[in-house]
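Observations on the model geometry
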Amino acid sequence: MQRIGIDAGGSLIKLAYVERERLHVKTYQYQEKDSIMNWLHMLAPQVHVYGTGGRWQDVSRIIRQSTVTVEEFPAIVRGADYLLSKEVGSPKEYILVNIGTGTSIFHVYNESFERVIGSGIGGGTWMGIGSLLTGNEKSFRELVELSAAGNHLQVDLLVKDIYGEQQAPLIQELTAANFGKLELLKTSTHADQLHALTQLIGEVILSLASTVMQSKNVGKVVFIGSTIQGNKPLQNVLTSFQDMLAYEAIFLEMGAYAGAIGAMLE
């Protein structure tokens, strides 16, 4: 191991390194940063550390090895390109949606990119409101499992709920108001509410991404970030509008580590 990439985000610290010609990745909570540094010092005292992310400067202060600061957005795109080439083949042009604590959306073309738009709606929203809805702090995995067991139709008001048998100006199954079934909110379960929260976040992100798709005339959308890693309910929302919006959704197996991988490849 000669170099290691670190992406220190708002909630998580992700590591990437190559050992014996194989890519390895690790994820830690930000609060575990001291343990990570001790691990680095014991196992790789001579390694060069390439870091990025909003909390990288704080992390770099306690690293004993040589460090290099890498720009965050180029690192994310570089890592996504690398993973695309390994997993599905790298398209020349695509929309990249990075769902971390918040969300950033990029237009990538050949070796250039532009960050087009971003939102504070993302994984931080999902964890924060999810904890408020359930009344206690649950782990990411517990929230995913609870969301998967719920039914957002017990909470969300659809177009057909408003128009009934009348002819509606929109597709009947579209959401008219997230969390709009006020009469059912008190009797809905935490699982239903979490599923509705997942639906809301996915719809907001996809609405932003579709605006970028249309403005750039690009149909391939690559979703990365720790929030969608193993989050099947959110992935389902992000793929549910493909017939309507005519896009191809691509999920990368190691997409949560794009920033760390991109930093390592600097």
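Some remarks on the sheet that holds strand S12 (residues 248-251)
Sheet architecture is open: five strands sit in the order S8-S7-S6-S11-S12, paired in mixed fashion. Looking at which strands have only one partner, the edges of the open sheet turn out to be strand S8 (112-119) and S12. Each strand of the sheet is rotated relative to its neighbour by a mean of 25°, with strand direction disregarded. Of the pairings in the sheet, the one linking strand S6 (residues 93-99) to strand S11 (residues 220-224) comprises four bridges and is parallel in character. If you follow Val-97 over to S11, its bridge partner there is Phe-223. Sheet strands touched by helix H3 (residues 72-87): S6, strand S7 (103-109), S8, S11 and S12. Its angle to S6, the strand with the most contacts, is close to 115°. In the packing of helix H9 (residues 232-239) onto the sheet, the strands contacted are S6, S11 and S12, and the crossing angle to S12 comes to about 155°.

A closer look at the pairing of strand S4 (residues 48-52)
Of all five residues making up S4, four are buried, and the element is well covered by its neighbours. Here S4 pairs with strand S5 (residues 67-69) via three bridges, running parallel. Across the sheet, residue Gly-51 finds its bridge partner in S5, namely Thr-69.

Rules behind the numbers
- Residues numbered from 1 in each chain as written.
- Predicted model: local features only at pLDDT ≥ 70, side-chain atom pairs only at ≥ 80, totals over all residues.
- Heavy atoms only, no water.
- Pairing = 2+ DSSP bridges.
- Helix = DSSP H or I, 4+ residues; strand = E, 2+ residues; numbered from the N terminus.
- Axes fitted to C-alpha atoms, helices over the stretch in contact; angles between N-to-C directions.
- Contact = heavy atoms within 4.5 Å.
- Buried < 20%, exposed > 50% of the residue type's maximum accessible area, 1.4 Å probe, protein only.

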